[in-house]
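Architecture and fold: a report
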Amino acid sequence: MSRPPMIARTIRTSDALWTAAQEVADARGEILSEEIRKFLEKYAKKGAKV
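1. So, the overall build of the protein
Check the secondary structure of the protein and you find two helices and zero strands. The C-alpha atoms of the protein give 13 Å as radius of gyration, which overshoots the globular expectation for 50 residues (10 Å, by more than 25%). Seen through its principal axes, the protein has C-alpha atoms that stretch 35 × 30 × 20 Å. By the burial criterion, 4% of the 50 residues in the protein qualify as buried. About 5,100 Å² of surface is accessible on the protein, with carbon and sulfur atoms providing 59% of the total. Treating the 10 positive side-chain charges of the protein as one cloud and the 7 negative ones as another, the clouds have centres 11 Å apart.

2. Description of helix α1 (residues 15-28)
Counting along an α-helix, one turn takes 3.6 residues, and residues three or four places apart therefore face a common direction. Taking 1.5 Å as the rise per residue, α1 with 14 residues should run 20 Å; its terminal C-alpha atoms sit 20 Å apart, in good agreement. One or two steps after α1, the chain reaches glycine 29, where phi turns positive at roughly 75°.

3. Focus: the pattern of salt bridges
With the rule as written, the count across this model stands at one salt bridge. Of the charged contacts in the structure, one is a salt bridge between lysine 38 and glutamate 35, with a shortest N-O distance of 3.2 Å. Here lysine 38 pairs with glutamate 35, and both are found in helix α2 (residues 32-48), just three residues apart, close to one helical turn.

4. Focus on a nonpolar patch on the surface
A contiguous nonpolar patch, built from Phe39, Leu40 and Tyr43 and spanning about 360 Å² of accessible area, is present on the exposed surface. With respect to the helices and strands, the residue phenylalanine 39 is situated in helix α2.

5. With respect to the environment of alanine 44
With respect to the helices, strands and loops of the structure, alanine 44 is situated in helix α2. Sequence separation of alanine 44 and serine 14 is 30 residues, and the distance between their C-alpha atoms is 23 Å.

Scoring rules and cut-offs
Residues numbered from 1 in each chain as written. Predicted model: local features only at pLDDT ≥ 70, side-chain atom pairs only at ≥ 80, totals over all residues. Heavy atoms only, no water. Helix = DSSP H or I, 4+ residues; strand = E, 2+ residues; numbered from the N terminus. Rg over C-alpha atoms; globule rule 2.2 N^0.38 Å. Buried < 20%, exposed > 50% of the residue type's maximum accessible area, 1.4 Å probe, protein only. Areas by Shrake-Rupley, 256 points an atom, 1.4 Å probe, with all protein chains shown as cover. Lys, Arg positive; Asp, Glu negative; His and termini not counted. Charge placed at Lys NZ, Arg CZ, Asp CG, Glu CD. Expected span 1.5 Å × (residues − 1). Salt bridge = Lys/Arg side-chain N within 4 Å of Asp/Glu carboxyl O. Patch = residues over 30% accessible without salt bridge, like charges linked within 9 Å, V, L, I, M, F, W, Y side chains within 5 Å.

Next comes the structure, spelled out in structure tokens:
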């Protein structure tokens, strides 16, 4: 089963924050972009309840 196509997005963040997040993801064996998508899904669902 193939995944739906993803569109590259741009966000603004400091190098320090991005590097720290990438290091955490690496240490946990995660992929940072997947973790960001999970956050956005939770955020969107939470916002819809307000």
